[in-house]
Amino acid sequence: MPIRSTLYVTKLLCCLVFGYLGLISGAFGEPWKDRVYAHGFYTLDFTYSDSELGLVSNDRQSRSYEDDAAGLNNSVFGGQIEALVSDNLSTFFQGKVFFNDDDEAQFTLDWAYLSYDFGDDITIRGGKFLVPLLQGTELRSISYSRLWARPLIPIDGANGFHEYTGLELLKHIQQDSGSWQLQLSTGKPNHEDEDGEIESKNLQLFSARYQGESFWLRAATLHGNYTVKDGDDEILDDSASVLMSSLESEIILGPYVLNMGYATSDSDITVNGSIYYASLGYQMGHITPFIYTSLSREHYDNYNEPPPPGFDDGNGPPLPDPAPEPPEPPEEDDRIRDGDYDINSMAIGIRWHAGEGYGFKIQWENIEQKNSAGVDTDDPANDGNTFTILFEGVF
């Protein structure tokens, strides 16, 4: 987020928070502490890399590590505040501060919404949200809430749609053996390439989560519409769409904790992607050793399709029929080929729940990347290993 936008959002957030605090105090004559709940979270991350690697960081950004380099720039500090305006109306904000690629402090506001409880376990929320395609999309914002050290889901885990402004309808259904949480969302998304070739239009999402005694299962599906432009700002497709789906589960079997997840996308023109992950932890009191594996894949089979019919590609009038044979392309070119860009990860680690609200993690991770599509990525696409020590907590 640019500095000017960051300052604007920060000022707006402060004005809204203090405005609600004044409303609460004046309307109810009650001290703020009885109607305002504030919490913080932090992750102090020391990571060493033995080669040039591109990683997904705790701040939901891609980050490049140099060969034989180490540092604390993957650390995050954040907070959330909830204010009860009335018995049914509340507001919620959550943001974080982290270091960007230039090692400058940067602020982002991830959630900012109003919530109204209609009773009968029905709630409507309106504002800004992270796209909840995979549970990990939200869990990656607070490292303490997950077992492993870094988010398993890459930065484009929702096919580039990370956040949106809109409405959410939540319905809770309690049963004897468990409970259901249903969610229906709609709004205007923000794509990671919003300032480039993709202009988001709208999205609709439905998810269902079942909570049992020793497991939960969550499924979600998302449909989005967007416009795709070329490098000259010419429209390639004004009605492109993407369909994404995900399935996740956590199962507790005695001391074992098993997490599994899968997500995939089928899109027009833009890149199709998928991710698989699984992790297994063994709880031994306050100590939990764990292992996980994940595969992130970008598939470029539809990336070089010709423009839609009627699109002026700037190459002049049609050639005569029969048209002469076009010249052969050079053997070496920079065009993306049909194929995949895979990131395979395998890690082992230990989490120590040292005290109430804080703990330590140690993790070793091996990363292998295969770029058969020849994608020109900003991050290093090498194989290598990382070693991470985290001190993290919530308060």
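These numbers come from a predicted model, not from an experiment. (Residues numbered from 1 in each chain as written. Predicted model: local features only at pLDDT ≥ 70, side-chain atom pairs only at ≥ 80, totals over all residues. Heavy atoms only, no water.)

**Student:** Can you lay out the overall build of the protein chain for me, pointing to particular residues and giving the numbers?
**Tutor:** Helix and strand counts for the protein chain stand at two helices and 19 strands. Relative to its full complement of 395 residues, the protein chain shows a buried share of 44%. Taking all contacts inside the protein chain whose residues are at least 6 apart in sequence as the whole, residues at least 24 apart take part in 59%. (Helix = DSSP H or I, 4+ residues; strand = E, 2+ residues; numbered from the N terminus. Buried < 20%, exposed > 50% of the residue type's maximum accessible area, 1.4 Å probe, protein only. Contact = heavy atoms within 4.5 Å.)

**Student:** Just give me the short version of the packing of aromatic side chains, but keep the residues and values in it.
**Tutor:** Applying the stated rule across the entire model yields 16 aromatic pairs. Aromatic side chains Y116 and F118 sit 4.8 Å apart centroid to centroid with 70 degrees between the ring planes, which places their arrangement in the edge-to-face category. Between the aromatic rings of Y358 and F391, the centroid separation amounts to 6.1 Å while the plane-to-plane angle is 65 degrees, which identifies the pairing as edge-to-face. Taken together, the positions of Y358 in strand 18 (residues 358–371) and F391 in strand 19 (residues 384–394) put the pair 33 residues apart, joining distant regions of the chain. Classification of Y358 as partly exposed rests on a relative accessible area of 34%. Three or more aromatic residues link up through ring pairs in this structure, and these residues are Y42, W352, Y358, F360, F391 and F395. Positioned over the ring face of Y113 is R125, at 4.6 Å from the centre of the ring. (Phe/Tyr/Trp six-rings, centres within 6.5 Å; stacked < 30°, edge-to-face > 60°. Lys NZ or Arg CZ within 6 Å of the ring centre and 35° of its normal.)

**Student:** Quick one: what's the story with the nonpolar core, residue by residue and with numbers?
**Tutor:** Ranked by internal contacts, the top residues of the largest apolar core, which has 19 residues, are W111, V131, L133, L222, Y226 and M244. Where this core is concerned, the elements lending two or more residues are strand 7 (105–119), strand 8 (122–130), strand 9 (161–174), strand 11 (198–211), strand 12 (215–229) and strand 13 (235–253). Counting residues per element, this core draws most heavily on strand 12, at four residues. In this structure, W148, F290, Y292 and A347 belong to the second largest nonpolar core, which totals seven residues. (Core = buried A, V, L, I, M, F, W, Y, C linked by side-chain atoms within 4.5 Å.)

**Student:** Provide a residue-level description of a negative patch on the surface, including the pertinent values.
**Tutor:** Taken together, the side chains of D50, E52, E66, D67 and D68 present a region of like negative charge at the surface. Position of D68 relative to the elements: it lies in the loop between strand 3 (62–65) and strand 4 (69–71). (Patch = residues over 30% accessible without salt bridge, like charges linked within 9 Å, V, L, I, M, F, W, Y side chains within 5 Å. Areas by Shrake-Rupley, 256 points an atom, 1.4 Å probe, with all protein chains shown as cover. Salt bridge = Lys/Arg side-chain N within 4 Å of Asp/Glu carboxyl O. Lys, Arg positive; Asp, Glu negative; His and termini not counted. Charge placed at Lys NZ, Arg CZ, Asp CG, Glu CD.)

**Student:** Can you explain the pattern of salt bridges? Please cite residues and give values.
**Tutor:** Evaluation of the coordinates by the stated rule reveals ten salt bridges. We note a salt bridge from K128 to E163, for which the minimum N-O separation is 3.7 Å. Here K128, found in strand 8, pairs with E163, found in strand 9; they are 35 residues apart in sequence, far enough to count as distant. Under the relative-accessibility criterion, K128 is labelled buried at 18%. Between E199 and K229 there is a salt bridge; the shortest N-O distance is 3.4 Å. Note that E199 is positioned in strand 11 and K229 in strand 12, a separation of 30 residues in sequence. A residue is classified by how much of its surface remains accessible, and K229, at 18% relative accessible area, is buried.

**Student:** I'd like to hear about the confidence of the model for the protein chain, residue by residue, with values.
**Tutor:** When the pLDDT values of the protein chain are averaged, the result is 81; 77% of them are 70 or greater. By mean pLDDT, helix 1 (residues 3–28) is the weakest element of the protein chain at 50, and strand 8 is the strongest at 95. Of the regions scoring below 50 in pLDDT, residues 1–10 engages in eight contacts with residues more than four places distant in sequence or in other chains. When the criterion is pLDDT under 50, residues 307–317 qualifies, and its contacts beyond four places in sequence or with other chains add up to six contacts. (pLDDT = per-residue confidence, 0-100.)

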